[in-house]
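# A look at the structure
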Amino acid sequence: MRIFDAHAHYNDAAFPPEELDSVLKNAFSSGVTHIINAGTDIETSKESIALAGEYAEIYAAVGIYPHECIKIADKNATLDELRSLLKHDKVVSLGEIGLDYHYDDTPKEMQKEFFDAQLSIAEELGIPVEIHDREAHGDTLDILKAHKNARGLMHSYSGSYETAKELIGIGFIISISGPVTFKNARQSVEVAERIPLEFMAVETDSPYLSPVPKRGTRNDSSNLVYTVGKIAELRNVAPEVIAETTRKNALTLFGIKE
Ligand code: NI
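In this report, the structure presented in the accompanying data block is examined.

What counts, and where the lines are drawn
- Residues numbered from 1 in each chain as written.
- Predicted model: local features only at pLDDT ≥ 70, side-chain atom pairs only at ≥ 80, totals over all residues.
- Heavy atoms only, no water.
- Donors = N, O, S within 2.8 Å, 3.2 Å for Na, K, Ca; no water.
- Tetrahedral: all angles 85-135°; square planar, octahedral: opposite > 155°, others 65-115°.
- Helix = DSSP H or I, 4+ residues; strand = E, 2+ residues; numbered from the N terminus.
- Buried < 20%, exposed > 50% of the residue type's maximum accessible area, 1.4 Å probe, protein only.
- 1 Å grid on protein atoms, 1.4 Å probe; cavity = no way out; pocket = protein on both sides within 12 Å on 5 of 7 lines; lining within 4 Å.
- Points joined across faces, edges and corners; volume = space filled by probe spheres on them.
- Nonpolar A, V, L, I, M, F, W, Y, C, P; charged D, E, K, R; others polar.
- Polar contact = N/O pair within 3.5 Å; in protein donor to acceptor, adjacent residues only side chain to side chain.
- Contact = heavy atoms within 4.5 Å.
- Salt bridge = Lys/Arg side-chain N within 4 Å of Asp/Glu carboxyl O.

Our next topic: the coordination of the nickel ion. Taken together, H7 (NE2), H9 (NE2), E96 (OE) and D205 (OD) make up the full set of protein donors to the nickel ion, lying 2.0 to 2.6 Å away. Relative to the metal, the four donor atoms surrounding the nickel ion lie at angles of 85 to 173°, and the coordination shape comes out irregular. Along the chain, the residues donating to the nickel ion are arranged with the sequence spacing H-x1-H-x86-E-x108-D. Taken as a pair, H7 in strand β1 (residues 3-8) and D205 in the loop between β8 (200-202) and α8 (224-235) lie far apart in primary sequence, 198 residues in all. Across the pair, exposure class does not vary: H7 and D205 are buried alike.

Any empty space left between atoms is shown by rolling a water-sized probe over those atoms. Reported here for the largest pocket is a volume of approximately 580 Å³. Taken together, 24 residues form the lining of the largest pocket, with R134, S156, S158, P179 and L209 sitting closest to its centre. Counting only elements with at least two residues in the lining of the largest pocket, the list comes to β4 (91-100), β5 (129-134) and α7 (187-194). The biggest single contributor to the lining of the largest pocket is β5, with three residues. Classifying every residue of the lining of the largest pocket gives nine nonpolar, nine polar and six charged. By volume, the second largest pocket is sized at about 180 Å³. If you go around the second largest pocket, the residues you meet are H9, N11, D12, A38, G39, T40, T44, Y65, E68, E96 and Y208. For the lining of the second largest pocket, the per-class residue count stands at three nonpolar, five polar and three charged.

With that settled, consider the environment of F115. For F115, the location among the structural elements is in helix α4 (residues 108-125). As for F115 and L99, which are separated by 16 residues in sequence, their C-alpha atoms are 7.3 Å apart.

For H67, the location among the structural elements is in the loop between β3 (58-62) and α3 (75-85). Within polar-contact distance, the side chain of H67 engages the side chain of D105 at 2.6 Å. Non-local contacts of H67, meaning those with residues more than four positions away in its chain, are made with D100, Y103, D105, T106 and Q111.

For the rest of this paragraph, the subject is unusual backbone geometry. With an omega of 5°, the peptide bond running from G95 to E96 counts as cis. Of note, E96 is situated in strand β4. A cis amide bond links S206 to the next residue, P207, at an omega of 10°. Take P207: it is sitting in the loop between β8 and α8. Of note in this structure, E135 is not a glycine but carries a positive phi near 55°. Within the secondary structure layout, E135 lies in the loop between β5 and α5 (137-146). Look at S156: it is not a glycine, yet its phi comes out positive at around 40°. Following the sequence through the fold, S156 ends up in the loop between β6 (152-154) and α6 (161-169).

The full count for this structure, using the stated rule, is 15 salt bridges. Measuring nitrogen to oxygen at the nearest pair gives 3.4 Å for the salt bridge that ties K112 to D139. Linking K112 in helix α4 with D139 in helix α5, this pair joins segments that are 27 residues apart in sequence. Of the charged contacts in the structure, one is a salt bridge between K248 and E244, with a shortest N-O distance of 3.3 Å. One end of the pair is K248 and the other is E244, both in helix α9 (residues 239-253) and four residues apart, which spans about a single turn. Overall, K248 belongs to the partly exposed group, its relative accessible area being 45%.

Take it as geometry only, folks, not as evidence of what the structure does.
Here you go:
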């Protein structure tokens, strides 16, 4: 089975440098053919590009995460730097960007301003985005609708089936992660069951969100088999069908040729 992990953070401190190579090689030998490693600010975006330079299987997303906006002193200089990072060969996405209303350490207006500005850059450059939306489904959808040429991936999607249909309608694919395997999962199970397979991707969000039976431990891309297995069970198809279709969807979205 070949799998595309559409969103991970291997620059996270949960992966000490001396362990990272064996974690990644284990994932590749378990069938993971591609990983999009996402940045959350300029520094981690640069680290992401460096990691992508070391492994053929890894591609980078670069962007400013909602709760990093408050730390930025000069918005225009930061966005200019982001533009230059986006020109790198192995950068295939602008992300992760979006809105997060779970914690209130960054004002909503500031989050929206950065989200909006980064979506405009993505539209201008024709590059797909990776969207983080936590407890901000309404505002996220409104802002995405205002950017008619934006397209991309709804990372670790946690909204309703109805909203997923709207997002698909405006050019987004829905990325399913570990929580679909959780006992109390309801909305994400419905989404994984009902959305058309040609608009689905899978991801780990490593080191977070480990699927059952690895829940609570550090996540890595080799655990994607559990998420794929759960989706296959829900849809009553072979896991290989889920793995290969989501892989093709991601390859197409990110413009990666094999
Ligand atoms: Ni993430």
